[in-house]
Amino acid sequence: MTIICSKCKKPAVTFIRYNGTHLCRDHFIQYFEKRVKKDIKKQGATKDVKRIAVALSGGKDSVVALHMIYDVFSKRPDVEIIGLTVDEGIKGYRDKSIVFAAKNCKELGIEHCIVSFKEVVGINLDEIVLKDDELGACSYCGVFRRLCLNRKARELKIEKLVMGHNLDDMAQSILMNFVNGDLKKLARLGPHSKVQPDLVPRMLPLRSIPEKENMLYAVLKNIDFYDAECPYSTYAFRRDFRDIIDELEFRNPGTRHSILNSYNAMKDILMMKYPPAQLVKCLKCGEPSSQEICKACILKDRIL
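The following refers to the structure shown.

Conventions used here
- Residues numbered from 1 in each chain as written.
- Predicted model: local features only at pLDDT ≥ 70, side-chain atom pairs only at ≥ 80, totals over all residues.
- Heavy atoms only, no water.
- Salt bridge = Lys/Arg side-chain N within 4 Å of Asp/Glu carboxyl O.
- Buried < 20%, exposed > 50% of the residue type's maximum accessible area, 1.4 Å probe, protein only.
- Helix = DSSP H or I, 4+ residues; strand = E, 2+ residues; numbered from the N terminus.
- Disulfide = S-S within 2.5 Å.
- Core = buried A, V, L, I, M, F, W, Y, C linked by side-chain atoms within 4.5 Å.
- Contact = heavy atoms within 4.5 Å.
- Patch = residues over 30% accessible without salt bridge, like charges linked within 9 Å, V, L, I, M, F, W, Y side chains within 5 Å.
- Areas by Shrake-Rupley, 256 points an atom, 1.4 Å probe, with all protein chains shown as cover.
- Lys, Arg positive; Asp, Glu negative; His and termini not counted.
- Charge placed at Lys NZ, Arg CZ, Asp CG, Glu CD.
- Pairing = 2+ DSSP bridges.
- Axes fitted to C-alpha atoms, helices over the stretch in contact; angles between N-to-C directions.
- Polar contact = N/O pair within 3.5 Å; in protein donor to acceptor, adjacent residues only side chain to side chain.

## With respect to the pattern of salt bridges
Should their charged atoms come close, side chains of opposite charge can pair.
Here comes step 1: In this structure the tally under the stated criterion is 26 salt bridges.
Here comes step 2: Arg-76 is the partner of Asp-78 in a salt bridge, and the nearest nitrogen-oxygen pair spans 3.5 Å.
Here comes step 3: In this structure Asp-78 comes out as partly exposed when scored by relative accessible area, which is 36%.
Here comes step 4: The residue Arg-239 makes a salt bridge to Glu-229 at a minimum N-O spacing of 3.2 Å. Separated by 10 residues along the polypeptide, Arg-239 in helix 10 (residues 238-251) and Glu-229 in the loop between helix 9 (211-220) and helix 10 bring together distant segments of the chain.
Here comes step 5: A residue is classified by how much of its surface remains accessible, and Arg-239, at 24% relative accessible area, is partly exposed.
Here comes step 6: In this structure Glu-229 comes out as partly exposed when scored by relative accessible area, which is 47%.
Here comes step 7: Because the salt bridges share partners, they merge into one network encompassing Lys-10, Arg-25 and Asp-26.

This is the structure:
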């Protein structure tokens, strides 16, 4: 039996459980793009923005974010879009994904820049893992990735840095910070409305889009992406929260949206109680930091 789209008579390609609709290819793409463009408008004025970088791993989320940003901003001749890839140095994984990142940039005719852990930090992630530090790969990776992205984006005079975080990522981050009691970090989750000195503000166009919908959009639009999971993510604490939220979503469709909407409703209150920190320059590297020595330098001192 052929299931028909809720909006027309064409065969449906997906069922959106959280709103009870079946959608055909065309109506799903329309539904997807409308929400992304609406969220971009919500995340602050971009009228005067001239240089936008997309943090581009080559995976489905970042590649879809690249195509959506291109679709929205390439019509403006005064805007330059750049793909910015961080090479952590994960053999057999990042070297393969970079091929897809470069391919999508080439297809869209935009510049592709690569910045590496080796270049910025002096050591790659595979080498860090061999040191068998108790913190684990993900603790280092997150901090060093942010350092690489911000430093390179600043060097390129980027005004907005686009991240490919999807709804699943956002719901996991919100729940993790609640469980950890880290309300300060919760208040600092992007998108950023206040520009901090030497920190490039983030834009999150896919923050309300479930991960599986990003995948479907990429497939329907014939967008090539690297479909593999980081080998170090198996040990990530975040996986536990992913499993929890997946189970809640299965039992009660719309849970992820409820978590994000609840956070959106309280974010202004959180920011009043925990306003952005007064930043200083790290005494070692000169990067912006809330402490005399930034987190990246503290971690570097553990392993170098």
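## Remarks on the state of the cysteines
Here comes step 1: For the coordinates displayed, the defined rule picks out zero disulfides.
Here comes step 2: Looking at Cys-113, it has no disulfide partner, and the nearest cysteine sulfur is the one in Cys-105, 8.7 Å off.
Here comes step 3: Cys-294 forms no disulfide, and the closest cysteine sulfur to it belongs to Cys-297, at a distance of 3.6 Å.
Here comes step 4: Overall, the relative accessible area of 7% leaves Cys-294 in the buried class.

## So, the nonpolar core
Here comes step 1: In terms of nonpolar packing, the biggest core is built from 50 residues, with Leu-84, Leu-125 and Phe-144 touching the most fellow members.
Here comes step 2: Per element, the largest residue contribution to this core is nine residues, and it comes from helix 6 (residues 137-155).
Here comes step 3: Look past the residues within four positions of Leu-84 in its chain and what remains in contact with it is Ala-53, Val-54, Ala-55, Leu-56, Cys-113, Val-115, Leu-149, Lys-152, Ala-153 and Leu-161.
Here comes step 4: Of all hydrophobic cores here, the second largest spans 36 residues; its members include Ile-16, Phe-28, Ile-29 and Val-63.

## Some thoughts on a positive patch on the surface
Here comes step 1: On the surface, Arg-146, Lys-184, Lys-185, Arg-188 and Arg-238 cluster together to form a positively charged patch.
Here comes step 2: Assignment of secondary structure puts Arg-188 in the loop between helix 8 (183-187) and strand 7 (202-203).

## Some words on the environment of Gly-190
Here comes step 1: Turning to its location among the elements, Gly-190 is positioned in the loop between helix 8 and strand 7.
Here comes step 2: When the C-alpha positions of Gly-190 and Asn-166 are compared, they lie 12 Å apart, and in sequence the two are 24 residues distant.
Here comes step 3: Other than its neighbours up to four places away in sequence, Gly-190 contacts Met-170, Leu-204, Arg-207 and Lys-267.

## Quick word on the sheet that holds strand 3 (residues 51-55)
The strands making up a sheet associate through hydrogen bonds between their backbones, and the pairing can be parallel or antiparallel.
Here comes step 1: Strand order in this open sheet of five strands is 5-4-3-6-7, and the pairing throughout is parallel. The outermost strands of the open sheet, each flanked by one partner alone, are strand 5 (111-116) and strand 7.
Here comes step 2: Where strand 3 meets strand 6 (residues 160-162), three bridges bridge the pair, whose relative direction is parallel. Note that in strand 6 the partner of Ala-53 across the bridge is Leu-161.
Here comes step 3: Docked against the sheet, helix 6 engages strand 3, strand 4 (80-87), strand 5, strand 6 and strand 7, running at close to 145 degrees with respect to strand 4.

## Points about the environment of Tyr-18
Here comes step 1: Counting through the fold element by element, Tyr-18 comes out in the loop between strand 1 (14-16) and strand 2 (21-23).
Here comes step 2: With residues up to four places along the chain from it excluded, the contact list for Tyr-18 reads Tyr-31, Arg-35, Pro-210, Glu-213, Glu-249, Pro-253, Gly-254 and His-257.
Here comes step 3: Polar contacts involving the side chain of Tyr-18 include one to the side chain of Tyr-31, which spans 3.2 Å.
Here comes step 4: At a separation of 2.6 Å, a polar atom in the side chain of Tyr-18 contacts the side chain of Glu-213.

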